[in-house]
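An overview of the molecular structure
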Amino acid sequence: MEPLISLRRSTQVSHGGHPVQLRSAVSFLIAMVLTLTPLTSLTLLSVAAAPAVPTLVINAPTQANPGDPIVITLAIQNSNDVAGFESSVLFDTTAAEFGNWQVANNSVHSIGRDVSELAAPETPYGAAIGFYSCPVSNCTDNRSPRHVHGAAGTVQLGTLTLIGDEAGTLAVTFDAIKAVDSSGNTITLSVPTTNVNVQIGSATSSPQATTSSTGEAQTASAGGHFPFFPSPPGRWKLKNAGKGKAGPFSTTGTGDVANADVTQVAMAWENLRATGNPCGPGVDPTLDVNHDGCIDVSDIQGVAANYGPTNTSRIETPASDVSTRAATTQAATAQATTQATSSTFVVNSTGDEDDINKGDGVCLTSAGTCTLRAAIGEANNDPG
């Protein structure tokens, strides 16, 4: 019992000849410690338990020589179930040009899902890039081994290559960024930065001026030695969620969802971004499967997620829709030819195989044919 007595011990001192009694502060301090310790522990545990936020990471060089490739890699850290992605890439097309967009080292592909790239190159605003994935190992065969979920952890998205043509500081902005899960739902991303500046060439001895793609005169950069090529403003904003129940997913009207349905929406994605308005009046409502007024990666991934039979009876398509889609296919074929600035690709197969070596100037599938998909892929990667 002695310890309890000692806690209540008082000390008597003299002040001005009068005794003053000071009660020990030990009991008060112990009470405070006992009161605060559980709260402090709770706070620390709450911080430790906070989930990591999926974060977009953009890696780009700070300098390059004129004519040399500017290689930019994109990745998502702390992710879960990443299956598709898209972004517009804004840059001054008088100072740089689109090289290519590659998803060969994509982490989603490495887990067994087939991945297809999306690209709308050499647009007035720069380019649009992205990819979608199928829940099977081969998009052209919905009976191939299935892999339901997307990639997790640190997910490598792809590699973008630009070519700097003019000496100066090139600004590149990633806009209308969207990542989706295996069902096509939007993944909330943290994006620390959307802008990168790349110094092209060596500094000149005196300040220079240039004109941006928007026609606005630009002064030299902060150092006073480089012309600055700003990125143009963004053209559209994508929505995070659709309206109502998504579907139907059989866009071709067969009642089954196969690669032809996914490819049809992917072609609309590329065509609308080439014209600069994926959310405008040109949107085909039958391809906008989540009904948000835009054709984006959510629609493509939503269709891909439903590979297999979705309806036991054939979906009747109005004659007007049939003629409209036929015209769209013809326009896409013409676009594939005109985009090939140094080559002409003749589509000789109605199949859906992809090109086996994009960028080599030859439209050739593993079957030895040239499909519409292969021609578009080769045209998008044509260096000419």
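Residues numbered from 1 in each chain as written. Predicted model: local features only at pLDDT ≥ 70, side-chain atom pairs only at ≥ 80, totals over all residues. Heavy atoms only, no water.

Some words on the overall build of the protein chain
When its secondary structure is counted, the protein chain shows 7 helices and 18 strands. The buried share of the protein chain, taken over its 384 residues, is 43%. Pairs at least 24 residues apart make up 68% of the contacts formed inside the protein chain by residues separated by at least 6 positions. Summed over all atoms, the accessible surface of the protein chain reaches about 18,900 Å², with 56% contributed by carbon and sulfur. (Helix = DSSP H or I, 4+ residues; strand = E, 2+ residues; numbered from the N terminus. Buried < 20%, exposed > 50% of the residue type's maximum accessible area, 1.4 Å probe, protein only. Contact = heavy atoms within 4.5 Å. Areas by Shrake-Rupley, 256 points an atom, 1.4 Å probe, with all protein chains shown as cover.)

Overview of the packing of helix α4 (residues 259-275) against helix α5 (residues 297-304)
At their nearest, the axes of α4 and α5 sit 9 Å apart, and the two run at 175 degrees to each other. If you check the angle between α4 and α5, you find them roughly antiparallel. Packed against α4, whose contacting residues are Asp-261, Val-262, Val-265, Ala-266 and Trp-269, the element α5 presents Val-297, Asp-299, Ile-300, Val-303 and Ala-304 at the interface. (Axes fitted to C-alpha atoms, helices over the stretch in contact; angles between N-to-C directions. Parallel < 35°, antiparallel > 145°, perpendicular 65-115°, else oblique.)

Some details on α5
Of all 8 residues in α5, 8 are buried; the element is thus mostly enclosed. Turning to α5, its buried residues number three or more, namely Val-297, Ser-298, Asp-299, Ile-300, Gln-301, Gly-302, Val-303 and Ala-304. Measuring from the backbone nitrogen of Ser-298 back to the side-chain oxygen at the start of α5 gives 2.9 Å, which picks out Asp-296 as the cap. (Polar contact = N/O pair within 3.5 Å; in protein donor to acceptor, adjacent residues only side chain to side chain.)

Some words on the nonpolar core
When a protein is soluble and globular, its nonpolar side chains tend to lie buried together. Membership of the largest hydrophobic core comes to 36 residues, with the highest contact counts inside it found for Ile-72, Leu-74, Leu-157, Leu-160, Leu-170 and Phe-174. Mapped onto this core, the elements with two or more residues apiece are β3 (55-59), β5 (69-82), β6 (84-90), β7 (96-102), β9 (126-133), β10 (151-164), β11 (168-180) and β13 (195-200). Those residues in contact with Leu-157 that sit more than four places away from it in its chain are Leu-56, Leu-74, Ala-75, Ile-76, Val-82, Phe-85, Trp-101, Val-103, Asn-106 and Phe-131. (Core = buried A, V, L, I, M, F, W, Y, C linked by side-chain atoms within 4.5 Å.)

Quick word on a nonpolar patch on the surface
The grouping of Ile-356, Val-362 and Leu-364 at the surface amounts to a nonpolar patch, some 240 Å² of accessible area in total. Within the secondary structure, Leu-364 is located in the loop between α6 (319-339) and α7 (372-380). Of the residues examined, Leu-364 reaches a relative accessible area of 32% and is grouped as partly exposed. (Patch = residues over 30% accessible without salt bridge, like charges linked within 9 Å, V, L, I, M, F, W, Y side chains within 5 Å. Salt bridge = Lys/Arg side-chain N within 4 Å of Asp/Glu carboxyl O.)

Description of the pattern of salt bridges
A complete count under the given rule lists 6 salt bridges for this structure. Two residues, Asp-175 and Lys-237, come together in a salt bridge whose shortest N-O distance is 3.4 Å. Residue Asp-175 is located in strand β11, and its partner Lys-237 is located in the loop between β16 (228-229) and β17 (256-257); the two are separated by 62 residues in the primary sequence. A residue is classified by how much of its surface remains accessible, and Asp-175, at 13% relative accessible area, is buried.

What to know about the state of the cysteines
Applying the stated criterion across every chain, the model contains 3 disulfides. Each disulfide pairs two cysteine sulfurs, and for Cys-134 the partner residue is Cys-139, the sulfurs being separated by 1.9 Å. Measuring handedness by torsion sign, the sulfur bridge of Cys-134 and Cys-139 sits at about 105 degrees and is right-handed. With a relative accessible area of 0%, Cys-134 lands in the buried category. Here Cys-279 connects covalently by a disulfide to Cys-294, the sulfurs 2.0 Å from one another. Every disulfide takes its handedness from the sign of the S-S torsion; for Cys-279 and Cys-294 that torsion is 110 degrees, giving right-handed. (Disulfide = S-S within 2.5 Å.)

Topic: the packing of α4 against α7
Contact geometry for α4 and α7: axes closest at 12 Å, N-to-C directions at 35 degrees. Judged by the twist between their axes, the crossing of α4 over α7 is left-handed. Across the interface between the two elements, Asn-259, Thr-263, Met-267 and Glu-270 of α4 pack against Leu-372, Arg-373, Ile-376 and Asn-380 of α7. Its residues assigned to classes, the contact of α4 with α7 shows 3 nonpolar, 3 polar and 2 charged. (Left-handed = near helix turned anticlockwise from the far one by under 90°. Nonpolar A, V, L, I, M, F, W, Y, C, P; charged D, E, K, R; others polar.)

Regarding the side chain of Ser-79
Of note, Ser-79 is situated in strand β5. The class of Ser-79 is buried, set by a relative accessible area of 7%. Only 2.6 Å separates the side chain of Ser-79 from the backbone oxygen of Gly-153, close enough to count as a polar contact. Not counting the four nearest positions on each side in its chain, Ser-79 is found in contact with Pro-54, Ala-151, Ala-152, Gly-153 and Val-155.

Quick word on α4
Taking 1.5 Å per residue, 17 residues should reach 24 Å; α4 reaches 24 Å between its end C-alpha atoms and fits that length. The buried fraction of α4 is high, at 14 of 17 residues. Looking at the residues trailing α4, positive phi occurs at Gly-276, about 85 degrees. (Expected span 1.5 Å × (residues − 1).)

Points about the sheet that holds β10
If you trace the 4 strands from one edge of the open sheet to the other, you get β3-β5-β10-β7, paired in antiparallel fashion. Each end of this open sheet is capped by a strand with a single partner; those strands are β3 and β7. Ignoring which end each strand starts from, the neighbouring axes of this sheet average 20 degrees apart. (Pairing = 2+ DSSP bridges.)

Structural notes on the pairing of β6
Burial runs high along β6: 7 of the 7 residues are buried. Neither face of β6 is exposed, since Gly-84, Glu-86, Ser-88 and Leu-90 on one face and Phe-85, Ser-87 and Val-89 on the opposite face are all buried. Here β6 runs beside β11; their pairing, made up of 6 bridges, is antiparallel. Bridge pairing in β11 links Phe-85 to Ala-179.

Observations regarding the confidence of the model for the protein chain
Of all residues in the protein chain, 71% attain a pLDDT of 70 or more, and the chain-wide mean is 78. In this model residues 205-223 is a low-confidence stretch, pLDDT under 50, and it forms 35 contacts with partners more than four residues away in sequence or in other chains. (pLDDT = per-residue confidence, 0-100.)

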